[in-house]
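Overview (structure and organization)
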Amino acid sequence: FQVLSPNPLTYFHYIPAQEAVRFCRAHNDALAKLVADHPHRLAGLAALPVQCPESAAEELQRAVRELGLLGGGIGTEWGTPLDSPELDVVWATATSLDVPIFMHPAPRGIDGPVGDPRLRRFELDVV
């Protein structure tokens, strides 16, 4: 059994929020179809547009309740610290749904600078 998650190269946490929302919805719809075609072998984690926390929370709800995905998958670098109150709506939504948020440490793009040193507090820094 395998759980599929968004590819770090497609987190797109730096594109405009509305484009990210459209991409994440399309990604999650396609992932849900793939998982539905192989339910005894696959499950999935949703891509979330974290540059807009309200939209990320809404997409997490849709992905779990409507699409049957198991939780969300995000990167760690988009300019907002993971413990920012701005993200409380995302964490609260995951908690209320009782689902995980998988965090993949990723610098800004495939050849971006070294990650935010503050992530070391969470052991999520990229060296």
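These remarks concern the structure in this document. Every value quoted in this text rests on a predicted model; they were computed, and no experiment measured them.

**Topic: the pattern of salt bridges**
Per the counting criterion, the structure on display carries four salt bridges. With a shortest N-O distance of 3.7 Å, Glu 59 and Arg 25 are connected by a salt bridge. One end of the pair, Glu 59, is in helix α2 (residues 53–65); the other, Arg 25, is in helix α1 (residues 17–37), and 34 residues separate them in sequence. With a relative accessible area of 38%, Arg 25 lands in the partly exposed category.

**Considerations on the packing of aromatic side chains**
As enumerated under the stated definition, the model contains one aromatic pair in all. Centroid distance Phe 12 to Phe 23: 4.9 Å. Interplanar angle 80°. Geometry classified as edge-to-face. Taken as a pair, Phe 12 in the loop between β1 (2–4) and α1 and Phe 23 in helix α1 lie far apart in primary sequence, 11 residues in all. The partly exposed category is assigned to Phe 12, whose relative accessible area is 34%.

Reading guide: rules and limits
Residues numbered from 1 in each chain as written. Predicted model: local features only at pLDDT ≥ 70, side-chain atom pairs only at ≥ 80, totals over all residues. Heavy atoms only, no water. Salt bridge = Lys/Arg side-chain N within 4 Å of Asp/Glu carboxyl O. Helix = DSSP H or I, 4+ residues; strand = E, 2+ residues; numbered from the N terminus. Buried < 20%, exposed > 50% of the residue type's maximum accessible area, 1.4 Å probe, protein only. Phe/Tyr/Trp six-rings, centres within 6.5 Å; stacked < 30°, edge-to-face > 60°.

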